[in-house]
Amino acid sequence: MAGNNKQISVLVSSTFAFTICFAVWMMFAVLGIPIKNNLGLNETQFGLLAAMPVLTGSLVRVPLGIWTDKFGGRIVFFLLMLSSVVPIYLIAYATAYWHFLVLGLFVGLAGGSFSVGTPYVARWFEKERRGLAMGIFGAGNSGSAVTKFVAPGIIAAFGWQMLPKVYAIAMLATALLFWFFSYTDKSHQAPAGVSFSEQMKVLKDPRVWRYCQYYSVVFGGYVALALWMTKYYVAEYGFDIRHAALLAACFSLPGGVLRALGGWISDKFGAIKVTWWVMWVCWVCFFLLSYPQTSMVVKTVTGDMTLNIALSPLLFTVLLFVVGIAMAVGKASVFKFIGDDFSDNIGAVSGVVGLAGGLGGFVLPIMFGALVDLTGVRSSAFMLLYGTVCVSLVWMHFSFKRAPARAPALAAAM
């Protein structure tokens, strides 16, 4: 088979596999709602339940990225998918809260697939096409929307216990399809003499930590909102689970599919300028989404005037849609940084940056729940995200202001 055909086959099979892995990784965004009702969980407990798969999916990203550099992406990706099949299936038989937490940790292994697929796909493409290729692969984030489209119907028709069984079968089938349609190139593997400590020396580079912070916003925030929004629509606006999941998909779908567009834009305009504008769009949207439903009485010369300030479900969904697009582009632009700056060590660096993003996706839902329990204000989740974006904007401004030669595009944008 010609090299170009192998590139396409690897890209398509890897993207499909990542889509299914991400759908499984996000399953508690929908599955957690009936479990919360059955077990009588509070908001913080629900946040922990939804976030448990994200924890392990984040922690395994560094070793998986390194193993991908060392052994090749095909075998690591295949074994990773197989390892999650049994834990997914066993969720159907869980009865206690701790059962779900423990099994969620093992199911979370599927989330580590990103740090395998990213370097695996990237090495099959030339540098000028790498941003687009990684963006297409990253569009597998749309697996979150797949869960929101598919899971409510399965739960409504057959009960929540059926969903893990269906997902386990889907994961097994996907692993087999991936194996038959992907390829191995020995030249893509790191030299055998490269040790773990040598690969991790990259952590001394301040750029890695900067990219970690950006990614914790655009990917960590995306994961957290993908897990939280279905329940938010149910609690804040009173929708049933099927309509709530459909509306939440208006955020998840563009946040995943348009990552490919983000890769193309990053190739064309550069990672710095694109990431800068992504942060500004998120900053404005989170400011508007942060405002809670408010009623106030204004004293006027003609008497009291009552004002009611609230985001309608339509306006709320439109703002979320815009955030989803911005985060999709931002996820691609951050990895464009990595592909350009660390082309010889993509696996290790993508693992570290992916870990930071995943940990953001783990911590944020728990903090969302804790803030609601403490304040009683559901929009406090967006207040927290607003603060994280502010940190990114300030850090970007001062980081690239000190290096104008490397960032002419940002200087023009600012």
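For the structure, see preceding data.
The structure presented is a predicted model; accordingly, all values stated were derived computationally and were not measured.

(A) Focus on the packing of helix α14 (residues 241-257) against helix α17 (residues 313-341). Taken N-terminus to C-terminus, the directions of α14 and α17 make an angle of 20°; their axes are 7 Å apart at the nearest point. Relative to α17, α14 is oriented roughly parallel. The hand of the α14/α17 crossing is right-handed. Every residue of α17 that contacts α14 at L247, C250, F251, P254 and G255 is listed here: T317, L320, F321, V323, G324, I325, M327, A328 and K331. Of the residues belonging to the contact of α14 with α17, the class tally is 10 nonpolar, 3 polar and 1 charged.

(B) The nonpolar core, seen in detail. Residues F286 and F382 are the most contacted members of the largest nonpolar core, which totals 124 residues. For this core, the element with the highest residue contribution is α17, accounting for 11 residues. In contact with F382, not counting residues within four places along its chain, are L225, M229, Y232, F286, L289, S290, F316 and L320.

(C) Region of interest: the packing of helix α13 (residues 220-237) against α14. It is the contact of α13 with α14, at a shortest axis distance of 7 Å, that shows an interaxial angle of 155°. The angle between the axes of α13 and α14 places the two elements in the roughly antiparallel class. The element α13 and its partner α14 pack so that their crossing is right-handed. Side by side, α13 and α14 meet where Y222, L225, A226, M229, T230, Y233 and V234 of the first sit next to I241, A244, A245, L247, A248, F251, S252, G255 and G256 of the second.

(D) Representation of the pairing of strand β1 (residues 294-300) in the model. The pairing of β1 with strand β2 (residues 303-309) spans 7 bridges and is classified as antiparallel. The residue of β2 that forms the bridge with K299 is D304. Count of turn residues in the β1/β2 antiparallel hairpin: 2 residues.

What counts, and where the lines are drawn
Residues numbered from 1 in each chain as written. Predicted model: local features only at pLDDT ≥ 70, side-chain atom pairs only at ≥ 80, totals over all residues. Heavy atoms only, no water. Axes fitted to C-alpha atoms, helices over the stretch in contact; angles between N-to-C directions. Helix = DSSP H or I, 4+ residues; strand = E, 2+ residues; numbered from the N terminus. Parallel < 35°, antiparallel > 145°, perpendicular 65-115°, else oblique. Left-handed = near helix turned anticlockwise from the far one by under 90°. Contact = heavy atoms within 4.5 Å. Nonpolar A, V, L, I, M, F, W, Y, C, P; charged D, E, K, R; others polar. Core = buried A, V, L, I, M, F, W, Y, C linked by side-chain atoms within 4.5 Å. Buried < 20%, exposed > 50% of the residue type's maximum accessible area, 1.4 Å probe, protein only. Pairing = 2+ DSSP bridges.

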